[in-house]
Amino acid sequence: MKIIDPLPTPDIDAVIHSQKLIDFIQQKIITAQGTLTFAEFMQHALYAPNLGYYTAGLRKFGKGGDFVTAPEISPLFAQCLAKQCQQILSQLKSGVIVEFGAGSGKLAANLLQSLAQLACLPTQYIIIEISAELQQRQQATLQAQLPSDLYQIIQWINALPITPFNAVIIANEVLDAMPVHRFRVSEQGIEEYCVGYENEQFVWQMHAVTAFDLQTSIENLQLPIHYQSEINLFLPAWINSVANFLNQGVVLLIDYGFPQHEYYHPQRNDGTLMCHYQHYTHSNPLILIGLQDITAHVDFTAVAEAALAADLQVAGFTQQANFLLSCGLMELLSDYDAENVAEYARITQQIKTLTLPSEMGELFKVMALTRQFDIPLMGFIHDDRRRL
Ligand SMILES: C[S@@+](CC[C@H](N)C(=O)[O-])C[C@H]1O[C@@H](n2cnc3c(N)ncnc32)[C@H](O)[C@@H]1O
């Protein structure tokens, strides 16, 4: 991750594409009489049909894209997850796997291959992806990478079915891609960051918060004056819809974030909003419209509260490093030939990136939510921070 100013200049095709999205959002601002909440702006910037960052055809994942996620870094991530899925699926009758936001499709490919080797395939592998463009890309990648018997168990759907399933539900770096409201606490009360369009650019506009749920949710955080941050109000509805789908099984949420007392820590008084563009990280979401990812860290206490309200149990919470190590990460290393120095160095570097505190090991967390599933989950055997 690089933090630098100025950022690389987009090429002409990217500029033309970005302008179409700018026009689209500008029109939304006009329709909304001059201002959008930041959550609305973020929704359009990421998911406007065929134009948003996730819905248009730009390369996002991996070296040639804007950021790298754990499944892109190493197949070991999926192999560890496969061990956790094996433990769960072996307890479920006709268990399916549901993956939200499957990105490039790499996690699905490696997970299915590992589960086939473990002789523990789900009856179906369901992908729920809100980007039609990414769905098509996933279909092409998975068809090319997987043998047809594995490819055939994958199904893409646009909404969760009404009939509940026995399932393992996985969402890696999905919650951080949900729109958030941005706010600050001032002497005047709670103000919301909104977005207008002036002199051919998007600009911040501050408005007193009027929405009751936003006002009360922020008041409950009891933040000091001059504090600014973000809040995800879409989380409870999302968790609820996932819970409604689950008859028996486990939801595994993997993302960067903190429990609430760390998220809204007095020293983190500028929030967690981040933009990713060509592997550069910065904090201005009002530029590079449609060309950069916009994210906010996940408040895992809010996730746990939403889960309890939706009648799920919180069965584990740990750092990614501990989860992967508990799922046998180091044992997987023995599959590689230590005599092959180049390959061994490559795979040990991948392990470091996934587990070191200075890389993804500590910031990324794994939370398990369960229904009718009382067996201790292997990923949390050595470390469980539910009480923190
Ligand atoms: C940061 S990417 C992560 C992709 C992939 N899981 C990975 O780890 O490489 C976020 C993904 O979540 C998808 N997404 C965001 N909100 C979603 C939702 N509510 N339902 C399904 N997919 C969603 C995006 O389209 C995108 O594929």
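Residues numbered from 1 in each chain as written. Predicted model: local features only at pLDDT ≥ 70, side-chain atom pairs only at ≥ 80, totals over all residues. Heavy atoms only, no water.

Here's the deal with the overall build of the chain
Next up, step 1: When helices and strands are counted, the chain shows 14 helices and 16 strands.
Next up, step 2: Principal-axis analysis of the C-alpha atoms gives the chain an extent of 60 × 45 × 40 Å.
Next up, step 3: Considering only intrachain contacts with a sequence separation of at least 6, the fraction spanning at least 24 residues in the chain is 76%.
Next up, step 4: Here the chain has roughly 17,600 Å² of accessible surface; of this, 51% comes from carbon and sulfur atoms.
Next up, step 5: Once the 20 positive and 38 negative side-chain charges of the chain are each reduced to a mean point, those two points are 5 Å apart. (Helix = DSSP H or I, 4+ residues; strand = E, 2+ residues; numbered from the N terminus. Contact = heavy atoms within 4.5 Å. Areas by Shrake-Rupley, 256 points an atom, 1.4 Å probe, with all protein chains shown as cover. Lys, Arg positive; Asp, Glu negative; His and termini not counted. Charge placed at Lys NZ, Arg CZ, Asp CG, Glu CD.)

With respect to the site of the ligand
Next up, step 1: The environment of the ligand is made up of 18 residues, and the closest members are Tyr47, Thr69, Gly101, Glu129 and Asn172.
Next up, step 2: Taking Thr69, its side chain carries an N or O atom lying 2.6 Å from an oxygen atom of the ligand.
Next up, step 3: Summarising the interface, the protein chains cover 95% of the accessible area of the ligand, which totals 590 Å² for the free molecule.
Next up, step 4: Residues belonging to the shell around the ligand are distributed by class as follows: 12 nonpolar, four polar and two charged. (Near = heavy atom within 4 Å. Polar contact = N/O pair within 3.5 Å; in protein donor to acceptor, adjacent residues only side chain to side chain. Nonpolar A, V, L, I, M, F, W, Y, C, P; charged D, E, K, R; others polar.)

Remarks on the environment of Gln260
Next up, step 1: Among the secondary structure elements, Gln260 is positioned in helix H10 (residues 260-263).
Next up, step 2: Distance in space between the C-alpha atoms of Gln260 and Leu221 is 8.7 Å, their sequence separation being 39 residues.
Next up, step 3: Excluding residues that lie within four positions of it along the chain, Gln260 makes contacts with Leu221, Asp299, Thr301 and Ala302.
Next up, step 4: Within polar-contact distance, the side chain of Gln260 engages the side chain of Asp299 at 2.7 Å.

Some words on helix H9 (residues 235-245)
Next up, step 1: Of the residues making up H9, those classed as buried are Leu235, Trp238, Ile239, Val242, Ala243 and Phe245. Down the axis, H9 shows its buried residues gathered within 160 degrees of arc, on one side only. Looking at H9, the residues exposed on the side facing more than 90 degrees away from the buried face are Ala237 and Asn244. (Buried < 20%, exposed > 50% of the residue type's maximum accessible area, 1.4 Å probe, protein only. Arc of directions from axis to C-beta.)

Digging into the state of the cysteines
Next up, step 1: Here the structure, examined in full by the defined rule, presents zero disulfides.
Next up, step 2: Just so you know, Cys194 is unpaired, no disulfide at all, and the nearest cysteine sulfur is the one on Cys275, 17 Å from it.
Next up, step 3: Owing to a relative accessible area of 4%, Cys194 belongs among the buried residues under this scheme. (Disulfide = S-S within 2.5 Å.)

A look at the side chain of Glu230
Next up, step 1: Among the secondary structure elements, Glu230 is positioned in strand E9 (residues 228-231).
Next up, step 2: As a buried residue without a salt bridge, Glu230 has its nearest oppositely charged side chain in Arg182, at a separation of 4.0 Å.
Next up, step 3: Polar contacts involving the side chain of Glu230 include one to the main-chain amide nitrogen of Leu273, which spans 3.5 Å.
Next up, step 4: Once residues within four sequence positions are removed from consideration, Glu230 is found in contact with Val180, His181, Arg182, Phe183, Tyr263, Tyr264, Asp270, Gly271, Thr272, Leu273 and Ala296. (Salt bridge = Lys/Arg side-chain N within 4 Å of Asp/Glu carboxyl O.)

Side note on the pattern of salt bridges
Next up, step 1: Counting across every chain of the model gives six salt bridges.
Next up, step 2: Between Lys106 and Glu72 there is a salt bridge whose closest N-O contact spans 3.7 Å. One end of the pair, Lys106, is in helix H5 (residues 106-117); the other, Glu72, is in helix H3 (residues 70-73), with 34 residues separating them in the sequence.
Next up, step 3: Between Glu343 and Arg346 there is a salt bridge, with its nearest N and O atoms 3.7 Å apart. Pair noted here: Glu343 and Arg346 are both in helix H14 (residues 341-355), with a separation of three residues, about one helical turn.

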